[in-house]
Amino acid sequence: MSVLVFAEASEGKFKKAALEVVSYGKKIAEQLGTELVALTINASNASELASYGAQKIIKVTQDNQESFDAKCTATTIKEVALKEAADVVIIDSSSNGLYVAPIVAAQLNAGYASNVIDVPSSTQPFTVKRKAFSNKAFNHTEISTAVKVIGLAKNSFGIVENSTTATEEDFTSTATASGVSSTALNKASGQVTIADADVVVSGGRGLKGPENWGLIEDLAEVLGAATACSKPVSDLGWRPHAEHVGQTGKPVASNLYIAIGISGAIQHLAGINASKVKVVINTDPEAPFFKAADYGIVGDAFEVVPQLIEKLKVFKANN
Amino acid sequence: MKILVCISHVPDTTSKINFTENDSAFDSNGVQYVINPYDEFALARAMWFKEKQGASITVITVGNAGTEPSLRKALAIGADDAIRIDAEATDGFFVAKQLAEVAKSNGYDLILTGRESIDYNGAMVPGMLATFLDYNFVNACIGVEIENNTATAIKEIDGGSETLSTSLPLVLAGQKGLVEEKELRIPNMRGIMMARKKPLSVVAAIETEATTKSVRFEKPEEKSACKMVAASDIDGLIDLLHNEAKVI
Ligand SMILES: Cc1cc2nc3c(=O)[nH]c(=O)nc-3n(C[C@H](O)[C@H](O)[C@H](O)COP(=O)(O)OP(=O)(O)OC[C@H]3O[C@@H](n4cnc5c(N)ncnc54)[C@H](O)[C@@H]3O)c2cc1C
Ligand SMILES: Nc1ncnc2c1ncn2[C@@H]1O[C@H](COP(=O)(O)O)[C@@H](O)[C@H]1O
């Protein structure tokens with residue numbers, strides 16, 4: 001018996017989501033009275049996971065897993081799950097996590113619950129709470145198979161330090177390259193992504209045109225935030241599609257979401273509801289977004305945002 | 001090229017989400033059902049292949065008779081035939097097993113699905129289906145070209161995109177980018193008329209167990225009212241975000 005978490009390393013380092021699944025896995029291991037095992041692939045600082053509760057760290061260091069290959073990673077997770085007799089396998093909701101988890105579940109003949117936001121409310125039967133209907137509701141799902149795969153929603157549990165002493169073990173997977181190979185990576189380095197960001201600054205059609213996006217970018221820069229936009233803004237080509245958030249775009253689960261010149265249509269809200277604190281700046285006091293927001297300013301973005309940027313600069317310098 | 005497009009039949013994006021029977025069932029009263037938005041991109045890309053490179057398109061859904069309007073709509077858009085696997089689609093694993101069974105016996109070169117269904121947001125059927133079939137699989141696909149047996153697919157990743165090289169048979173879980181919004185298809189009158197004559201076969205589900213079960217639904221707590229800050233009081237907003245919300 002054990003709980004296995006896949007702690008994904010990106011360029012050798014753990015992202016927040018990896019530390020979050022370890023923290024979460026620790027809690028489930030306690031509930032089940034078993035050991036927490038963490039699997040890492042080509043991580044340079046695997047020992048770090050002991051600080052979040054991992055009792056056994058399994059290290060795969062293989063050249064053929066240097067670049068991410070979903071099926072190969074999934075097979076490695078499966079092999080370790082079988083070797084460690086894992087009852088529960090936990091995977092994060094990064095783009096790689098979402099790619100790998102259903103493959104792992106199918107390989108292990110395991111029930112899979114994605115978008116899970118809390119520890120099981122009961123382990124017998126094994127019941128978890130997950131997001132459904134694009135954040136408009138939750139579903140309590142029972143997983144009935146012997147092995148259970150959980151996809152943990154981003155920022156739903158948080159990172160909890162829990163220092164333990166861990167054993168470390170090397171493992172060699174038999175997984176070979178799948179029939180899907182990477183030929184090019186197009187990724188801006190050094191930029192905060194919507195997926196990882198604590199703060200997201202988002203602009204809508206109220207900003208009138210792409211030439212005004214300096215406002216959004218400057219505000220994002222002071223806050224160390226990622227930039228995002230509403231769907232029409234990307235449809236109009238003002239911003240790249242990858243920035244479009246909402247029900248049919250990227251989901252946002254940041255600590256702070258600042259919406260500027262966005263009306264707050266139901267499809268937009270569905271994708272950003274999981275953010276903890278929402279601030280809205282809009283000229284129209286009747287904009288539906290105010291009903292979903294925590295803090296609101298009725299005002300013109302072109303007047304409010306420059307002031308906000310200047311005052312935040314001062315604030316950041318003093319804090 | 002034989003293409004299979006997997007269609008899930010979901011409540012429209014503007015639907016009010018309510019539950020009945022002690023919160024154990026989704027209340028479909030007054031809810032308009034549509035083809036899952038991601039699947040529309042998949043279908044439109046399939047049409048592109050059909051028109052530009054020559055392909056046949058089968059659309060398939062696992063669901064009860066109530067899902068047939070979505071299949072008819074897909075036929076009206078231009079799919080050649082439709083299959084409904086007669087079972088309640090409650091568990092992604094179960095659905096993927098059903099789809100795999102039909103796909104295995106009919107042998108498709110390309111299976112297009114959406115990235116996720118907007119109702120249960122499982123994002124599990126495509127990966128499971130590919131695994132059961134042992135086909136190549138690309139998730140979150142935002143572009144694909146196929147030449148003979150080789151496919152070049154672009155995948156969205158956190159903070160960018162990645163180009164992948166793979167081969168048929170292939171399962172792609174797609175989204176916007178497969179085609180652009182303006183290239184989505186709306187059925188015209190002729191298509192609707194023709195769809196009535198196109199074959200829609202109903203096949204029995206195979207015996208396979210569900211791995212998960214929905215126990216109960218819950219709605220999020222009512223939000224407390226938004227705190228309004230005057231446009232002239234930016235310091236007040238910063239103070240609230242720092243001291244009250246503790247997010248900056
Ligand atoms: C199937 C489907 C899926 C969809 N999916 C998504 C999705 O995933 N994400 C998404 O965002 N949308 C989605 N939509 C679109 C959605 O319904 C809305 O049309 C869209 O969110 C509106 O974008 P907006 O708020 O930027 O623009 P608008 O609705 O035009 O709102 C602009 C706002 O800016 C305000 N404004 C104007 N000038 C200023 C100013 N100077 N300063 C401050 N405020 C100003 C206005 O008062 C207004 O509230 C979807 C729609 C459908 C049908
Ligand atoms: N009941 C179903 N019948 C056919 N295809 C489905 C069904 N459910 C899901 N799919 C396909 O799988 C994709 C992902 O769905 P899901 O795993 O449910 O989030 C959808 O976009 C569809 O293409």
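Definitions and cut-offs
- Residues numbered from 1 in each chain as written.
- Chains lettered and ligands numbered in written order.
- Predicted model: local features only at pLDDT ≥ 70, side-chain atom pairs only at ≥ 80, totals over all residues.
- Heavy atoms only, no water.
- Helix = DSSP H or I, 4+ residues; strand = E, 2+ residues; numbered from the N terminus.
- Buried < 20%, exposed > 50% of the residue type's maximum accessible area, 1.4 Å probe, protein only.
- Contact = heavy atoms within 4.5 Å.
- Lys, Arg positive; Asp, Glu negative; His and termini not counted.
- Charge placed at Lys NZ, Arg CZ, Asp CG, Glu CD.
- 1 Å grid on protein atoms, 1.4 Å probe; cavity = no way out; pocket = protein on both sides within 12 Å on 5 of 7 lines; lining within 4 Å.
- Points joined across faces, edges and corners; volume = space filled by probe spheres on them.
- Nonpolar A, V, L, I, M, F, W, Y, C, P; charged D, E, K, R; others polar.
- Domains from an automatic or database assignment.
- Buried area = accessible area lost by both parts, 1.4 Å probe.
- Salt bridge = Lys/Arg side-chain N within 4 Å of Asp/Glu carboxyl O.
- Polar contact = N/O pair within 3.5 Å; in protein donor to acceptor, adjacent residues only side chain to side chain.
- Core = buried A, V, L, I, M, F, W, Y, C linked by side-chain atoms within 4.5 Å.
- Axes fitted to C-alpha atoms, helices over the stretch in contact; angles between N-to-C directions.
- Parallel < 35°, antiparallel > 145°, perpendicular 65-115°, else oblique.
- Left-handed = near helix turned anticlockwise from the far one by under 90°.

Participant: Would you explain the overall build of chain B in this entry?
Facilitator: A count of helices and strands for chain B gives six helices and 15 strands. Its C-alpha atoms put chain B at 65 × 45 × 40 Å along the principal axes. Burial status across chain B gives 54% buried among its 248 residues. For chain B, the share of sequence-separated contacts (at least 6 apart) that also reach a separation of at least 24 residues comes to 69%. Side chains of chain B carry 25 positive and 35 negative charges; the gap between the two charge centres is 6 Å.

Participant: Quick question: what am I supposed to make of empty space enclosed by the protein here?
Facilitator: In this approach, a probe sized like a water molecule rolls over the atoms, and the result shows the empty space that is left. Following the criterion strictly, the structure yields five cavities of 30 Å³ or more and no others. Around the largest cavity, the lining comprises 40 residues; the ones closest to its centre are A:Leu98, A:Lys154, A:Pro251, B:Arg115 and B:Glu116. Those elements giving two or more residues to the lining of the largest cavity turn out to be helix 3 (95–108), strand 7 (111–116), strand 9 (126–132) and helix 6 (266–272) of chain A together with strand 9 (136–147) and strand 10 (150–157) of chain B. The greatest single-element share of the lining of the largest cavity, amounting to three residues, is contributed by strand 10 of chain B. Classifying every residue of the lining of the largest cavity by side-chain character gives 15 nonpolar, 17 polar and eight charged. No fewer than three residues from each of domain 1 (2–171) and domain 2 (199–317) of chain A sit in the lining of the largest cavity. Lining the second largest cavity are 18 residues, and of these A:Ala70, A:Lys71, A:Tyr99, A:Val180 and B:Phe137 sit closest to its centre. Of all elements in the fold, only helix 2 (70–83) and helix 3 of chain A together with helix 4 (125–133), strand 9 and strand 11 (160–167) of chain B reach the threshold of two or more residues within the lining of the second largest cavity.

Participant: What exactly am I supposed to notice about the interface of chain A and chain B here?
Facilitator: By a frequent convention, interface size equals the accessible area lost on bringing the separate parts together. Each side of the interface is counted separately: chain A has 80 residues, and chain B has 73 residues. Carbon and sulfur atoms make up 58% of the area that chain A and chain B hide from each other, which totals about 6600 Å². Of all residues in chain A, the largest losses of buried area upon contact with chain B belong to A:Tyr99, A:Phe133 and A:Tyr295, amounting jointly to 12% of the total for that side. Put simply, chain A and chain B have eight salt bridges between them. B:Glu156 is the partner of A:Lys250 in a salt bridge, and the nearest nitrogen-oxygen pair spans 3.7 Å. Where chain A meets chain B, there are 40 residue pairs in polar contact (both at pLDDT 80 or more). Looking at the side of chain A that touches chain B, its residues break down into 34 nonpolar, 33 polar and 13 charged.

Participant: Would you mind going over the nonpolar core with me for this structure?
Facilitator: If you look at soluble globular proteins, the nonpolar side chains tend to sit buried side by side. In this structure, A:Val89, B:Val5, B:Val59 and B:Ile111 are the most contacted members of the largest nonpolar core, which totals 93 residues. Ignoring any residue separated from it by four or fewer positions in sequence, one finds B:Ile111 in contact with B:Leu4, B:Cys6, B:Ala103, B:Leu129, B:Leu133, B:Tyr135, B:Leu170, B:Val171 and B:Leu172. Counting 37 residues, the second-largest nonpolar core is a separate cluster that includes A:Ala225, A:Val233, A:Ile260 and A:Leu308.

Participant: Help me out: how do you make sense of the pattern of salt bridges in this one?
Facilitator: Where charged atoms from two side chains of opposite charge come close, those side chains can pair. The tally for this structure, following the rule as stated, stands at 27 salt bridges over all chains. For A:Glu84, the salt bridge identified is with A:Lys56, shortest N-O distance 3.1 Å. Within this pair, whereas A:Glu84 is found in the loop between helix 2 and strand 6 (86–91), its partner A:Lys56 is found in strand 5 (residues 56–60), the two being separated by 28 residues in sequence. Here the two residues A:Glu84 and A:Lys56 agree in accessibility, since each one is buried. Here B:Lys213 ties to A:Glu142 by a salt bridge, and the two come within 3.9 Å at their closest N and O atoms. With one member in each of two chains, B:Lys213 in strand 14 (residues 212–218) and A:Glu142 in strand 10 (residues 137–143) form a pair that bridges those chains. For B:Lys213, a relative accessible area of 48% puts it in the partly exposed group.

Participant: Would you take a moment to explain the packing of helix 4 (residues 214–223) of chain A against helix 8 (residues 301–318) of chain A for this structure?
Facilitator: Two numbers describe a pair of packed helices, the interaxial angle and the distance between the axes. All names here are of chain A. At their nearest, the axes of helix 4 and helix 8 sit 9 Å apart, and the two run at 20° to each other. The angle between helix 4 and helix 8 falls in the class roughly parallel. Helix-helix and strand crossings are classified by hand; for helix 4 and helix 8 the assignment is left-handed. Where helix 4 approaches helix 8, its residues Leu 215, Asp 218, Leu 219, Val 222 and Leu 223 are matched on the opposing element by Ala 301, Phe 302, Val 305, Pro 306, Leu 308, Ile 309, Leu 312, Lys 313 and Lys 316. Per-class residue counts for the contact of helix 4 with helix 8 are 11 nonpolar, no polar and three charged.

These figures capture arrangement, not role.
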